[in-house]
Each structure stands twice: as structure tokens, then as C-alpha cells.
Amino acid sequence: MYLGLDLGTSSVKALLIDDKQAAVGSASAELTVQRPHPGWSEQDPDSWIAATRAAVGSLAKTHAGELSRVCGIGLSGHMHGATAIDRDGKPIRPCILWNDTRSHVEAAALDSDPRFRKLTGNIVFPGFTAPKLKWMAEHEPENFARVVKVLLPKDYLRLWLCGEAISEMSDSAGTSWLDVGARAWSDELLEATGLERSQMPALVEGSERGGSLRAEVAAELGLPAGIPIAGGAGDNAASACGMGTIADGRAFASLGTSGVLFAANNRYLPNPDSAVHAFCHALPETWHQMGVILSATDSLNWLSGVTGTDPAHLTAQLGDSLAAPGSVLFLPYLSGERTPHNDASIRGSFVGLGHESDRAALTRAVAEGVAFAFRDSLEALAHAGTRLERVTAIGGGSRSHYWLEVLSTVLNLPVDIPESGDFGAAFGAARLGLMAAENAEPLDVCTPPETEQTIQPNRELSAAFEEAYGKYRALYPAIKGAMS
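Residues numbered from 1 in each chain as written. Predicted model: local features only at pLDDT ≥ 70, side-chain atom pairs only at ≥ 80, totals over all residues. Heavy atoms only, no water.

S.K.: I'm lost on the pattern of salt bridges in this one. Help?
M.R.: Two side chains carrying opposite charge are able to pair once their charged atoms lie near each other. For the coordinates displayed, the defined rule picks out 23 salt bridges. A salt bridge links arginine 146 to aspartate 86; the nearest nitrogen and oxygen atoms lie 3.5 Å apart. Remark: aspartate 86 occurs in the loop between strand S6 (83-85) and strand S7 (95-96) and arginine 146 occurs in the loop between helix H5 (141-144) and strand S8 (149-151); sequence separation between them is 60 residues. Overall, arginine 146 belongs to the partly exposed group, its relative accessible area being 39%. (Salt bridge = Lys/Arg side-chain N within 4 Å of Asp/Glu carboxyl O. Helix = DSSP H or I, 4+ residues; strand = E, 2+ residues; numbered from the N terminus. Buried < 20%, exposed > 50% of the residue type's maximum accessible area, 1.4 Å probe, protein only.)

See the structure below:
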């Protein structure tokens, strides 16, 4: 048996698989996000441990025997979070999350230093880890002075599980401290934020051993003591391992809280001017590119809260057949945007509202606006040297057939729907745990799922969606000017 633990923004998921990679059982425990000020997004790191205890505890109620046979653990988690640790191994303050934009001034200052783009291959985005520590140094100097280690969220879980400060390449690539081509910490970049290498965790590859389970925690969770904990991966790289997206040119579109267009690469292909992320993959000698939008299903969840209607009911009201784009346009910049704008201050908009604009019209606009944002990422990937022939859809939004039809038509690409099963980050983490325990070859383990259905672009409506995308593209400069 192998256990995958995925620390998401809204929950911790525990997934148990057997040696044939069949899912044996899963459980999850919810998390909450605190937003004490506009643009801020935080979590209590100890709530991650409590949620992990709850998820594994729930799994133990029905699968205690299987848990006792676990041979390896893999970790996945939301990226970029700044978890500052003191000399006693305790969090100094709440973790500043990936979608927190408070450090936009510090990010711009670091990004103006040419060494950052040269060594990391990426823009220094406000959501990345380094500017958050720079913000701490300037706004919470007493906390910054206490920092002994800076850990990414999943690696704080690892600290509890094994007692060691260890990270891996895919997650660390999103800190703005990693030399992504060399797959090593950069002393130059650390010094630029007032830190040094001793404050960073040790680095391993995602499929390598990154610690062993402490006896005390093993006894509490019902797991064997001393089993290996894989290096693991950031959530998107873990999802790629779960989807088998590890070979050059394979890609997926994740319609989750955020939206990700992910392409695997067999070489390092940085192009920071396009606002595409170029990161290490979770496996040795592989990299990947990502276009990232900050509010994908989060946009639908926002509309759900405003209208008091369940998200699934909102999309169900759109029907089964794709319709031409509506008269209302939606820009999904509820918490700023990354690809392609790198703009932490921009906010979302509905444009074209009229007396006839009912709830269904707003829902259609949200679905189309998110798809147009994915198209922006597709164009940015092409500019960075990667052209895609098809994508596989994952994430909660992929349960909406209508939304996937919109996405396929807007991207002008076939969208594959995998056969039913769990192929997300927790599954990818479990696969990494298997590789670390058995020293297995990635290509033998990370196979893609069978395709249940392929959605083709609607050629009759392609021209209409292309025209609507042109209008969408024209709106950002207009609202940016109005808001500045």
C-alpha cells in the first residue's frame, strides 16, 4: 500500500492505493482561509496537521489493515506559501498563501533585479515566496528576525511527519530562490532577500526519499514506523504525475480553484516575458511550463455565493448544447492575475449587463471568461515555444460538460476526459511514494489514464467565440486604465 497526502487550499486529502495503483480508499478534512485585509490570504499551519490527522483517522476507521501495510508516503501541496519557522520548529505567524497579493511592491522590486529572471526563468510574482519574506522584513521585522527556516506548506507537514526540513524541486521552483536550470538554491537570490542557504530546506527530487516517518507519528496514524516519505511535488506537478503528464508535449488543463494550463518538457524552456511559469517537474531531468489564472472555479464559487445558488446548479442551468457567446463578458480577475498580465491590482468585471441579464447569463459569462483566460495562457505558452495538440481536463470544473465544450472551442483543441477515477494531486503523490519506496522507474509508474470521451471544438461556433475572445482581450487595457 502507498499513501498520498495532498494539502489543498480548502482541504487535506488522504488517498490509499495498492501495488497495482488501484485506489483502495480516500478521506478528506476541510480547511479554511483567513482574509484579514483586502488582498491577504492566510492559513494556520497547525490546521494542516490537524486536518491530516482527521483525514488519515477517517481512513483508518475503514482501512486500518491496509494502512498498517503502507510502504511509502508521498506529499503534495499548494505552492508558494511562506511558512516561517522559529528555532523550536513552530510557525512564527500564519502562512501567507499563494493567492495573497500584499507583497506586490516587494515583488516588483525583486523582479527589477535582472538576476531573478535570469536564474529562476520566471517573473517574480507577488504570490511567490521570496517577496513575502521581503514583505515580512519590511513590515514585521521582529518576526523576520526569528526565521530559522522557510518551508513550503507540504514541507511543514513533512517536518511533523519526519522531523526534517526537506523540500523538492517542483515546489521550490516557485519560491524565486531556486536556480531552476541547475536545480539548486541560489545564494545570490537568497542574499537579495536577506536570507541564506542555512534557512532553506535540503533538496531532493520528488521521486526520491525525503525523510522517514517518525515512530511517534506512525503510532498515532496507524502506519509503520520508518517508512520512506517521498520528496513529493507541488500540487500541479503532482497532478501531472497522477495524469501521466511527464513526457514532452503532454498537457492538461486544470479547472480548479485556480486555473492551470500545464505542459511537460524534456528541457528547461524559460521565457519570463510571457508570464508563463517555467518550473522543475517532480521527476529528475524534467521541467514543465504553466500558464496560471488565479480564479477559475473560484469565479463560479463567488457567483454561487452572490446568488445563493449551488455551483453545480448554476452550470446545469446552461443546458447540454453549446450556445453562442452571450452579450455579457466576464473578466475573472477577482484576486489579480498572473498569466499573461502579472497584475496583482487588477480586479474582475462584468461588461455588457442589461435588463435581460439573468442568472444564467452571468453563469455563461463566467464560464466563457474563464475559458478566455485559459486561451490567454495557451497563447503565452506558444510564445514560450510550446504548441499543444490536445489537453486532458481535470479539476472540479471539468464535471461540467458545457464548460468543457466552451473550453475546447475557445482553445480550438480537443479536450480529453479521463475515465472515471482519481487522477489528481493525491494520486500523483501516492505514485511518488511508490517510486521512493520501490525505486521504480517514472515511466513505468506514471502512465496516463484511459480516455473516456473527447470533446471536439464546435466548428459552427468557432468564429463567434473567436470574435468574443477579441472583445475580451480589449477589455483588460480599458479596465486597467480605469482602475489605475
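Moving on, there is more to tell.
S.K.: Would you mind going over the packing of helix H10 (residues 235-243) against helix H15 (residues 425-438) with me for this structure?
M.R.: Two quantities define a packed helix pair, namely the angle between the axes and the distance from one axis to the other. Relative to each other, H10 and H15 sit at 75 degrees, their axes nearing to 7 Å. Our classification of the angle between H10 and H15 gives roughly perpendicular. For the pair formed by H10 and H15, the contact residues are Asp235, Ala238, Ser239, Cys241 and Gly242 on the first element and Ala425, Phe427, Gly428, Ala429, Arg431 and Leu432 on the second. Class assignment of the residues belonging to the contact of H10 with H15 gives a composition of six nonpolar, three polar and two charged. (Axes fitted to C-alpha atoms, helices over the stretch in contact; angles between N-to-C directions. Parallel < 35°, antiparallel > 145°, perpendicular 65-115°, else oblique. Contact = heavy atoms within 4.5 Å. Nonpolar A, V, L, I, M, F, W, Y, C, P; charged D, E, K, R; others polar.)

S.K.: Would you mind showing me how to read helix H4 (residues 129-139) here?
M.R.: Listed as buried for H4 are Thr129, Ala130, Pro131, Lys132, Leu133, Trp135 and Met136. Residues of H4 that are buried make contact with S6, S7, helix H2 (104-111), H5 and S8.

S.K.: Would you mind going over the sheet that holds strand S24 (residues 451-455) with me for this structure?
M.R.: Spatial strand order, S18-S19-S17-S16-S22-S23-S24: seven strands in an open sheet with mixed pairing. Single-partner strands in this sheet number two, and they are strand S18 (277-280) and S24. The mean angle between the axes of side-by-side strands here comes to 30 degrees, regardless of whether they run parallel or antiparallel. One ladder, built from three bridges, connects strand S16 (residues 251-255) with strand S22 (residues 391-394); its direction is parallel. (Pairing = 2+ DSSP bridges.)

S.K.: Would you explain unusual backbone geometry in this entry?
M.R.: Here the bond from threonine 339 into proline 340 is cis, since omega is 0 degrees, no more than 30 degrees from zero. Of note in this structure, glutamine 21 is not a glycine but carries a positive phi near 70 degrees. Following the sequence through the fold, glutamine 21 ends up in the loop between strand S2 (11-17) and strand S3 (23-30). Its relative accessible area of 18% is what places glutamine 21 among the buried residues. Here the phi dihedral of alanine 275 falls at roughly 60 degrees; this positive angle occurs in a residue that is not glycine. Structurally, the position occupied by alanine 275 is in the loop between strand S17 (259-265) and S18.

S.K.: Would you mind showing me how to read the packing of aromatic side chains here?
M.R.: Centre distance and the angle of the planes are the two values used to describe a pair of aromatic rings. Scanning the entire structure with this criterion turns up 13 aromatic pairs. Judged by centre distance (5.5 Å) and plane angle (90 degrees), the ring pair of tryptophan 40 and tryptophan 135 falls under edge-to-face. Of this pair, tryptophan 40 sits in the loop between S3 and strand S4 (42-43) while tryptophan 135 sits in helix H4, placing them 95 residues apart in sequence. An angle of 75 degrees between the planes, with centres 6.1 Å apart, marks the rings of tryptophan 48 and tyrosine 156 as edge-to-face. (Phe/Tyr/Trp six-rings, centres within 6.5 Å; stacked < 30°, edge-to-face > 60°.)

S.K.: Quick question: what am I supposed to make of the packing of H2 against H4 here?
M.R.: Interhelical geometry of H2 versus H4 gives an angle of 115 degrees and a closest axis separation of 8 Å. In the packing of H2 onto H4, the handedness of the crossing is right-handed. Here Glu106, Ala107 and Leu110 of H2 lie close against H4, whose contacting residues are Ala130, Pro131, Lys134, Trp135, Glu138 and His139. Of the residues belonging to the contact of H2 with H4, the class tally is five nonpolar, one polar and three charged. (Left-handed = near helix turned anticlockwise from the far one by under 90°.)

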